[in-house]
Amino acid sequence: MVAGLHSLLVRRASAHYAKTTNEGSTTVSGDLVTMQAEPWEFPFDPKTTALLVIDMQNDFTLPGGYCHQYMEARGLGGDDAIATLRTPIEPIQRCLDVARKAGMTVIYTIESHWADLSDAAPPKMDGTIRVGAPIGAQGPHGRNLVRGDWGTEVIEELTPLPDEHVLHKAGKGGFVATDLDLILRSRGITHLVFTGITSDCCVLFTRQGARDRGYHTIQLDDACAASVKENHDAIFNMIRFYLQGAPRSTISVEICGLLVGPFMAWISLCCPEERQV
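Model, not experiment: these values are computed from the prediction.

> Quick question: what am I supposed to make of helix H4 (residues 89-101) here?
Structurally, the α-helix is built with 3.6 residues per turn, so residues lying three or four positions apart point the same way. Taking 1.5 Å as the rise per residue, H4 with 13 residues should run 18 Å; its terminal C-alpha atoms sit 18 Å apart, in good agreement. Every buried residue of H4 is listed here: Ile89, Pro91, Ile92, Cys95, Leu96, Val98 and Ala99. Following H4 by one or two positions, Gly103 adopts a phi angle in the positive range, close to 75°.

Right, dumping it as structure tokens:
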């Protein structure tokens, strides 16, 4: 168990400003932040880093939504799944607060389909029908995973700002048939910070897609979840091998609010715990 506050520089006071600090597990040198992670550190510049919020939508996080129906149909406990999938909300709120104050790019993804389901792949449709929770079927709050219905809205607690992209995807990976890669490259983004759900599906597939396209990535452990907690824990044992040790961190963020100079901000990173994988 490791706890502490670590300073994070998010912008320079001027082109001539240079300061290096090393506190705990985060090192700051000018604009470059080096975050300690597992199995190695993750250096990044907030100006070229984007925060991704994966699939934090009503259908996956609220009772009566698609995930609740799906888990109930499989006899795996819908209520337990929803409770687990909601655990990242507060950490993501802190991440959004920091990212927005730092001027970072923020992008949301939503899993959804057109009303006629023409973009729903046959294997995906077949699986949900066999389970007894078909995509497109009428649920308590609207049609399951259909674009424009209640279930495909970002949850109220994490409402996007007007200038933040919300990308709808029909598959599990956020780069498939979306403008995600185009948006990131047009903004000069090279590093991605992953939050959201689920760790063992859409977060994993989008992160692998990012690495295949040359992006540096990190996943904030307490800002992600799976419908079954054991899957969230197990996924990191897998990525040590199949993602060539892609770094992860247990860090969630909160604003320090200490200004140290014109147009500069320092942010505190709180590390409540670090687990070995």
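> In this structure, what is going on with the pattern of salt bridges? I would like to understand it.
Overall, the coordinates contain 12 salt bridges when judged by the stated rule. A salt bridge links Lys169 to Asp55, with the shortest nitrogen-to-oxygen separation between them at 2.9 Å. Taken together, the positions of Lys169 in strand E10 (residues 165-169) and Asp55 in the loop between strand E6 (49-54) and helix H1 (58-61) put the pair 114 residues apart, joining distant regions of the chain. As far as burial versus exposure is concerned, Lys169 and Asp55 are alike and both buried. The partner of Asp119 in a salt bridge is Arg147, and the shortest N-O contact between them spans 4.0 Å.

> So what exactly am I meant to see when it comes to the side chain of Ser199 here?
Structurally, Ser199 can be placed in the loop between strand E11 (191-197) and helix H7 (202-212). Only 2.6 Å separates the side chain of Ser199 from the side chain of His232, close enough to count as a polar contact. When residues no more than four places from it in sequence are discounted, the contact partners of Ser199 are Leu204, Gln219, Cys224, Ala225, Ala226, His232 and Ile235.

> Looking at this model, I keep getting lost on the nonpolar core. Mind explaining?
Soluble globular proteins tend to pack their nonpolar side chains together in the buried interior. Ranked by size, the top nonpolar core spans 41 residues in total, and within it Leu51, Val53, Met56, Ile92, Leu96, Tyr108 and Leu158 carry the most contacts. Among the elements that make up this core, the one with the highest residue count is H4 (5 residues). Once residues within four sequence positions are removed from consideration, Val53 is found in contact with Ile92, Leu96, Ile107, Tyr108, Thr109 and Thr195. Among the nonpolar cores identified, the runner-up in size contains 18 residues, and Ile54, Leu180, Phe194 and Ala210 belong to it.

> Which parts of the structure should I look at to understand unusual backbone geometry?
Leaving glycine out, the prevailing phi sign among residues is negative, and the prevailing peptide bond configuration is trans. The step from Ile197 to Thr198 runs through a cis peptide bond, and the omega angle for that step is -5°. Along the chain, the position of Thr198 falls in the loop between E11 and H7. Its identity as a non-glycine residue notwithstanding, Asp55 has a phi of 55°, on the positive side. Of note, Leu117 is a non-glycine position whose phi angle comes to about 60°, a positive value. If you trace the backbone, Leu117 turns up in the loop between strand E7 (105-111) and helix H5 (122-131).

> Honestly, the packing of helix H2 (residues 66-73) against helix H3 (residues 78-85) in this entry has me stumped. Any pointers?
The relative placement of two packed helices comes down to the angle between their axes together with the axis-to-axis distance. Their axes nearest at 8 Å, the elements H2 and H3 cross at an angle of 140°. By the angle class used here, H2 and H3 are oblique. The crossing of H2 and H3 is right-handed. For the pair H2 and H3, the contacting residues are Cys67, His68, Met71 and Glu72 in the first and Gly78, Asp79, Ala81, Ile82 and Leu85 in the second. Tallied by class, the residues present in the contact of H2 with H3 amount to 5 nonpolar, 2 polar and 2 charged.

> What should I look at first to understand the environment of Gly188 in this one?
Mapped onto the secondary structure, Gly188 falls in the loop between helix H6 (180-186) and E11. The class for Gly188 is partly exposed, based on a relative accessible area of 35%. With 140 residues separating them along the chain, Gly188 and Thr48 place their C-alpha atoms 6.0 Å apart.

> How should I be thinking about the side chain of Thr105 in this particular structure?
In this fold, Thr105 is placed in strand E7. A residue is classified by how much of its surface remains accessible, and Thr105, at 9% relative accessible area, is buried. A distance of 3.4 Å separates the side chain of Thr105 from the side chain of Arg187, its partner in a polar contact. When neighbours within four sequence positions are excluded, Thr105 is seen to be in contact with Thr49, Ala50, Leu51, Arg187 and Ile189.

> Please explain the pairing of E7 as it appears in this structure.
With respect to burial, E7 is a largely interior element, 7 of its 7 residues being buried. The side-chain alternation of E7 yields two buried faces, one formed by Thr105, Ile107, Thr109 and Glu111 and the other by Val106, Tyr108 and Ile110. Looking at chain direction, E6 and E7 are connected through 5 bridges and run parallel. Across the sheet, the residue bridging to Ala50 is Thr105, located in E7.

Basis of the calculations
- Residues numbered from 1 in each chain as written.
- Predicted model: local features only at pLDDT ≥ 70, side-chain atom pairs only at ≥ 80, totals over all residues.
- Heavy atoms only, no water.
- Helix = DSSP H or I, 4+ residues; strand = E, 2+ residues; numbered from the N terminus.
- Expected span 1.5 Å × (residues − 1).
- Buried < 20%, exposed > 50% of the residue type's maximum accessible area, 1.4 Å probe, protein only.
- Salt bridge = Lys/Arg side-chain N within 4 Å of Asp/Glu carboxyl O.
- Polar contact = N/O pair within 3.5 Å; in protein donor to acceptor, adjacent residues only side chain to side chain.
- Contact = heavy atoms within 4.5 Å.
- Core = buried A, V, L, I, M, F, W, Y, C linked by side-chain atoms within 4.5 Å.
- Axes fitted to C-alpha atoms, helices over the stretch in contact; angles between N-to-C directions.
- Parallel < 35°, antiparallel > 145°, perpendicular 65-115°, else oblique.
- Left-handed = near helix turned anticlockwise from the far one by under 90°.
- Nonpolar A, V, L, I, M, F, W, Y, C, P; charged D, E, K, R; others polar.
- Pairing = 2+ DSSP bridges.

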